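# Close look at the chain arrangement
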Amino acid sequence: MELIAFTGTPGTGKSTLAEEFSRKHNYLYINLNKFAKEHNLFESYDEEKKCYEVDTSLLTKEFLGGIKDIDAKAIVVDSHLSHHLPNSEVSKIVVCACTDLLELKKRLVARNYSESKVRENLDAEIFKVCETEANDQGHELFVVDTAGKSVKECVEEIDSNLV
Ligand SMILES: Nc1ncnc2c1ncn2[C@@H]1O[C@H](COP(=O)(O)OP(=O)(O)OP(=O)(O)O)[C@@H](O)[C@H]1O
Ligand SMILES: [Mg+2]
C-alpha cells in the first residue's frame, strides 16, 4: 500500500486537492489533523496561538499502527503535519503552495482568521516552512502552485508527476 501525503501552509489547497485526487483515483483519503484530534495526540496547548500542539512522533506511531491492516491501493494523507511521517513509509509528498500572496491572504481572510493568524500563515508560506521541513526529512517532493489555477489543472499536474 502506497502513502501519498499532501502538506503545505493553511489555505494553499491541501484538502481541496487531496480530496479531489483521492476521489479521482479511488484512493482512501485520511485527514491527519482529524485523526490527531480523534486520538487525542496533543502534547500541549499554545496559549498565544490558541491551538493544540500535536506530538508528531506519537502521531506517526499511532497513524502507522492504525493503517497497517487497511486494504487500500493507496492512502492519501492530508495535513500540514503529514511530512513528519517517515520517508521510508511515504512514497511522495505533494507540497501545495500559493505563490500569489494576495490570493492566499484572500483565502485566509475569507475564513475569518484573525489578523495575526493571517500574518503567521503568510509568513509560513513566504519562508516555505512545510516545503523546507519536508525536504529536510529527505522526502521526495512535488510542489504544486495553486495560484491562478483551477483544481482540475492542479490535479492533472499532480497526476503527471506522480503516476
Ligand atoms: N487551484 C486550487 N487548488 C486548491 N484550492 C484552490 C485552488 N484555487 C482556489 N482554491 C481555494 O483555496 C481554498 C483552499 O482551502 P483548503 O481548505 O483546501 O486549504 P488547506 O490547505 O486544506 O487548509 P488547512 O491547512 O487549513 O486545512 C479553497 O477555498 C479552494 O476553493
Ligand atoms: Mg485542509
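On to the overall build of the protein chain. From N to C terminus, the protein chain includes seven helices and seven strands. In sequence order, the protein chain lays out its α and β elements as β-α-β-α-β-β-α-β-β-α-α-α-β-α. The C-alpha radius of gyration of the protein chain comes to 15 Å, within 12% of the 15 Å expected for a compact globule of 163 residues. Across its three principal directions, the C-alpha atoms of the protein chain cover 45 × 40 × 25 Å. The burial tally for the protein chain puts 39% of its 163 residues in the buried class. Counting contacts in the protein chain only where the partners sit at least 6 residues apart, residues at least 24 apart contribute 73% of the total.

Here the focus is the packing of aromatic side chains. Using the criterion set out here, one finds three aromatic pairs in the structure. With a centroid separation of 5.8 Å and 65° between ring planes, the pair formed by F21 and Y27 is classed as edge-to-face. On the basis of relative accessible area, Y27 is assigned to the buried category, the value being 19%. Pairwise contacts between aromatic rings join F6, F21 and Y27 into one cluster. Just above the ring of Y113 sits the side chain of K117; from NZ or CZ to the centre is 4.3 Å.

For the coordinates displayed, the defined rule picks out seven salt bridges. Where R23 meets E20, a salt bridge forms, and the shortest distance between an N and an O atom there is 2.6 Å. With R23 and E20 both in helix α1 (residues 14-25) and three residues apart, this pair spans about one turn of that helix. Note on R23: relative accessible area 57%, which makes it exposed. Using a relative accessible area of 25% as the deciding quantity, one classes E20 as partly exposed. For E103, the salt bridge identified is with R107, shortest N-O distance 2.6 Å. Of this pair, E103 and R107 both sit in helix α4 (residues 101-109), four residues apart, which is roughly one turn of the helix.

Taken together, five strands build an open sheet; the order of strands is β2-β5-β1-β6-β7 and the sheet is parallel. Each of the sheet's edge strands pairs with one partner strand only, and the pair in question is β2 (28-31) and β7 (141-145). If you compare each strand with its neighbour and ignore which way they point, the axes differ by 20° on average. Both strand β6 (residues 92-97) and β7 contribute to a ladder of five bridges, which runs parallel. Counted as the bridge partner of C96 is V144 from β7.

Take unusual backbone geometry next. In this model, N26 sits at a positive phi of 60°, which is unusual for a non-glycine residue. Within the element layout of this structure, N26 appears in the loop between α1 and β2. Residue class for N26 comes out exposed when judged on its relative accessible area of 70%. For N112, which is not glycine, the phi torsion reads 65° and is therefore positive. In this fold, N112 is placed in the loop between α4 and α5 (115-126).

As a further point, take the layout of surface pockets. In this structure, the largest pocket spans a volume of roughly 1,200 Å³. Along its surface, the largest pocket is lined by 37 residues, and P10, N33, C51, H80 and N121 are the ones closest to its centre. At the level of elements, α1, α2 (32-38), β4 (51-54), α5 and α6 (129-136) are the ones that each hand at least two residues to the lining of the largest pocket. With five residues, α5 is the single largest residue contributor to the lining of the largest pocket. Counted by class, the lining of the largest pocket contains ten nonpolar, 15 polar and twelve charged residues. For the second largest pocket, the calculated volume is near 180 Å³. Residue lining of the second largest pocket: 17 residues in total, with A97, T99, E125, K128 and E131 positioned closest to the centre. Split by residue class, the lining of the second largest pocket holds ten nonpolar, three polar and four charged.

Reading the values: rules and limits
Residues numbered from 1 in each chain as written. Chains lettered and ligands numbered in written order. Predicted model: local features only at pLDDT ≥ 70, side-chain atom pairs only at ≥ 80, totals over all residues. Heavy atoms only, no water. Helix = DSSP H or I, 4+ residues; strand = E, 2+ residues; numbered from the N terminus. Rg over C-alpha atoms; globule rule 2.2 N^0.38 Å. Buried < 20%, exposed > 50% of the residue type's maximum accessible area, 1.4 Å probe, protein only. Contact = heavy atoms within 4.5 Å. Phe/Tyr/Trp six-rings, centres within 6.5 Å; stacked < 30°, edge-to-face > 60°. Lys NZ or Arg CZ within 6 Å of the ring centre and 35° of its normal. Salt bridge = Lys/Arg side-chain N within 4 Å of Asp/Glu carboxyl O. Pairing = 2+ DSSP bridges. Axes fitted to C-alpha atoms, helices over the stretch in contact; angles between N-to-C directions. 1 Å grid on protein atoms, 1.4 Å probe; cavity = no way out; pocket = protein on both sides within 12 Å on 5 of 7 lines; lining within 4 Å. Points joined across faces, edges and corners; volume = space filled by probe spheres on them. Nonpolar A, V, L, I, M, F, W, Y, C, P; charged D, E, K, R; others polar.

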